[in-house]
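Structural overview for review
Here are the chains, one letter per residue:
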Amino acid sequence: MRIVSGGQSDVGQQRTNNEDCFRIVQPLNLFVISDGMGGEAHGEIASAMAVETVVKTCMGEETGTAAASAETQPGWSDQTGRLFNAAHLANKKIYESSQANLQQQGMGATLAAAWINEEKLSIVHVGDSRVYLLRSGVLQQLTSDHSLVAEQVRRGILTAAEAEHSELQSVLLRALGTQPEVEVDAEEHALFPADILLLCTDGLTRMVAEQKIAGTLQSESDPSKAAEKLVGLANENGGADNVTVVVVHMEPKESGFLSWLRHGAQKNAGKNGSA
Amino acid sequence: MPKLTLMFEEKTVKEVSLGARPVGIGRSPDNDLTVDNLAVSNYHARVYVDSGKMVVEDLKSLNGTFVNEMRVERATLKHGDSIHIGKHHIKVDATGEAPVSYGSGRQTATPKINETMVLDTKMRREMLQQAAALGERTQLAAGRLRVPTLVVLGGKTDRKEYTLTSKLTVIGKSHLATVRLSGWFKPKMAAQINKHDDGYYLGAGDKVPSVNGSPIQGPVQLKDGDQVEVCGVRLNFIFRE
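Report follows, based on the coordinates. (Residues numbered from 1 in each chain as written. Chains lettered and ligands numbered in written order. Predicted model: local features only at pLDDT ≥ 70, side-chain atom pairs only at ≥ 80, totals over all residues.)

Let's talk about helix α1 (residues 42-59) of chain A
All names here are of chain A. Condition: In DSSP terms, a helix is any run of H or I states spanning at least four residues, a strand is any run of E spanning at least two, and both are numbered starting from the N terminus. By definition here, a helix of n residues has an expected span of 1.5 Å times n minus one. Backbone-placed C-beta atoms define the burial measure: a residue is buried with 20 or more other C-beta atoms within 10 Å of its own, exposed with 12 or fewer, and partly exposed in between.
In this model α1 runs 26 Å from its N-terminal to its C-terminal C-alpha over 18 residues, within 8% of the 26 Å that 1.5 Å per residue would give. In terms of burial, α1 is a largely internal element, 14 of the 18 residues being buried. At the C-terminal side of α1, G60 shows a positive phi close to 85°.

Regarding the sheet that holds strand β12 (residues 243-251) of chain A
Residue and element names in this part refer to chain A. Test applied: DSSP-based pairing: two strands are paired if at least 2 bridges between them are found. To define axes, lines are fitted to C-alpha atoms, for helices over the stretch in contact only, and angles between the resulting N-to-C directions are given on a 0 to 180 degree scale. Residues are scored as being in contact if the C-beta atoms we place from backbone atoms lie within 7 Å.
Taken together, the 5 strands give an open sheet; going across it, the order is β1-β12-β11-β7-β8, and neighbouring strands pair in antiparallel fashion. Only two strands of the sheet have a single partner each, and these edge strands are β1 (2-10) and β8 (138-141). Direction aside, the axes of adjacent strands within the sheet are offset by 15° on average. The sheet contact formed by strand β11 (residues 196-200) and β12 spans 5 bridges and is antiparallel. Note that in β12 the partner of I196 across the bridge is H249. Running at roughly 25° to β1, helix α7 (residues 223-236) makes contact with β1 and β12 of the sheet.

Concerning unusual backbone geometry
Backbone geometry follows two general trends: most residues other than glycine have a negative phi, and most peptide bonds adopt the trans configuration. All names here are of chain B. Within the chain, K60 stands out as a residue other than glycine whose phi angle is a positive 55°. Among the structural elements, K60 can be located in the loop between β6 (53-58) and β7 (65-67). Look at F185: it is not a glycine, yet its phi comes out positive at around 60°. Within the secondary structure, F185 sits in the loop between β16 (179-180) and β17 (191-196). A tally of 6 C-beta atoms within 10 Å means that F185 is categorised as exposed.

Comments concerning the environment of Q103 of chain A
Residues and elements named next belong to chain A. Turning to its location among the elements, Q103 is positioned in the loop between α2 (78-100) and β4 (108-109). Take Q103: there are 12 C-beta atoms within 10 Å of it, and that puts it in the exposed class. A C-alpha to C-alpha distance of 18 Å links Q103 and K92, two positions 11 residues apart in sequence.

Here's what the structure looks like:
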């Protein structure tokens, strides 16, 4: 499969600083987003640290032992294990930094990361940033928010509609960097040609209905443009928070004959074949 | 100055101009636009200007505020928009001169936890305990462990029975599919079954599957005993105790 992606982050209509952060590491097919929190500019520090640590760990530039809770599960791919460890390491780094710097106390960040290797998808997440999969027109949220309202919905105390209007939407049950150890959710899925992945912060999902998100993802064939449109929609609807969107398209590889017909000689002559 | 016109069906009830002061909308008579209907909250919504933009804000009303049919908490308004509140609607006319900003708009809004915060372990435990006390009944109802299972009733598949363990289940010819179909011209991904918080939903793939004989119109939640048919394969969705 050919993987094409695009992302955009925006401060929104009501905030003055953008505490969101994202990175697309194309050669690895690694996608990371984070939404920081904590007064002054510390949310930005936390989200940047989260993204940086995850990217570096996955690239093998950063090695370190995370907390004891970072024990990977048997049966996971190396990739999932590494991503899981990276999330724990990010937690540790942010926590240590906030302990060492008085003014950074209380800072934290969410994390949602997806790593694609061939047709295998590994995802990890902490907090209320989300990963969605759009498959044959069906939008499916792969992550479960670690927020108080989401937990109340799972326990049948609130309905999904009530949760959408709750005043406690911003209360998280888990975040990176606020405790010495954190529980990280990790999972693996198989990807199919034409699948579309969406990583986003709550600045999108609180402003734009899922149906509208699905429609936009389906109608826009360029992932960068899709990301741009989604950010635009969030802003049109009020843009109450920073908004970050990463869109990833799994494009079917053309079969040998068709591919030869279309690209033929140039492809063989020019490219060095790196992914 | 922009104008707001309260309408009931085709009848104009009242018209107000939007200046520096916000326009209150609700059932209580001290609103600028009083809407006399039980479905409308006393202080239902308000419209004001923030940084040059006209904004409608729902004041946690019971039945909601809608802009062009979409429920909103807060939304930017433009000329020609229609705000629906109960059975009334308010036409937005922004052709007039741009008003002065109502700067303090956000500060005076109903208090709300806007900054993201994390519950520490103790707070988390307390809040979840409260939640648990309320949710106990629903938890008990789902008591026994029930395993979602697909039993093959007919057609060519690689197994006779499948336990749905993953969040995403694909029925198709692909080597990645959970329920693998064999035979010529079978699609790689014929249909999908996705797990949500409240159950399992059947959705289309390259084909539109049927549930109990009728083709689905969009994702549908599967019930114990449902018969799913796609590409000549018949599956029985059941919960094994």
